[in-house]
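Geometric and topological summary
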Amino acid sequence: MKYMLTWWERPTGSYFDYEGAQQRVLGVFHKWEMPASLQIHQFVVRVGELGGYAVIETDRPADIHRLSTVFAVFRFRLEPVLEVGEAVATEAAAIAWRSGLSN
């Protein structure tokens, strides 16, 4: 299954706390080893802030949960997604089935 993972930095108390959080997350990121079950198709950040998006494919959602736990400095939202072609084919089949129902 593919997922869109979105993350935002958590608010901190002061500029000192914020700078410390940035240093900590970079240190964790450099040592982090991505689980083999996570295939990253797209990994981008929003310009001007610590946050971004990743399209991840996996059959082990627990490994995404592990990732979000390791990087607890961020807030995460995870949404399952489909390729457009697959979604359109599925929708067309569902609409055809629905159209065959009697009123």
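Everything below is about the structure shown above.
Here we summarise the structure given alongside this text. Just so it is clear, the model here is predicted, and its values are computed rather than measured. (Residues numbered from 1 in each chain as written. Predicted model: local features only at pLDDT ≥ 70, side-chain atom pairs only at ≥ 80, totals over all residues. Heavy atoms only, no water.)

**Examining the nonpolar core**
- One finds Leu5, Ile56, Ile64, Leu67 and Phe71 to be the most contacted residues of the largest nonpolar core, which totals 13 residues.
- Broken down by element, the residue count for this core peaks at three residues, all from strand 1 (residues 2–9).
- Aside from chain neighbours lying at most four places away, what touches Leu67 is Leu5, Trp32, Met34, Leu38 and Phe76. (Core = buried A, V, L, I, M, F, W, Y, C linked by side-chain atoms within 4.5 Å. Buried < 20%, exposed > 50% of the residue type's maximum accessible area, 1.4 Å probe, protein only. Helix = DSSP H or I, 4+ residues; strand = E, 2+ residues; numbered from the N terminus. Contact = heavy atoms within 4.5 Å.)

**So, empty space enclosed by the protein**
- Applying the stated criterion across every chain, the model contains one cavity of 30 Å³ or more.
- Taken as a whole, the largest cavity holds about 60 Å³ of empty space.
- Residue lining of the largest cavity: Glu9, Arg10, Thr12, Tyr18, Ala21, Gln22, Val25, Leu50, Val73 and Phe74, and that is the complete set.
- The class makeup of the residues in the lining of the largest cavity is six nonpolar, two polar and two charged. (1 Å grid on protein atoms, 1.4 Å probe; cavity = no way out; pocket = protein on both sides within 12 Å on 5 of 7 lines; lining within 4 Å. Points joined across faces, edges and corners; volume = space filled by probe spheres on them. Nonpolar A, V, L, I, M, F, W, Y, C, P; charged D, E, K, R; others polar.)

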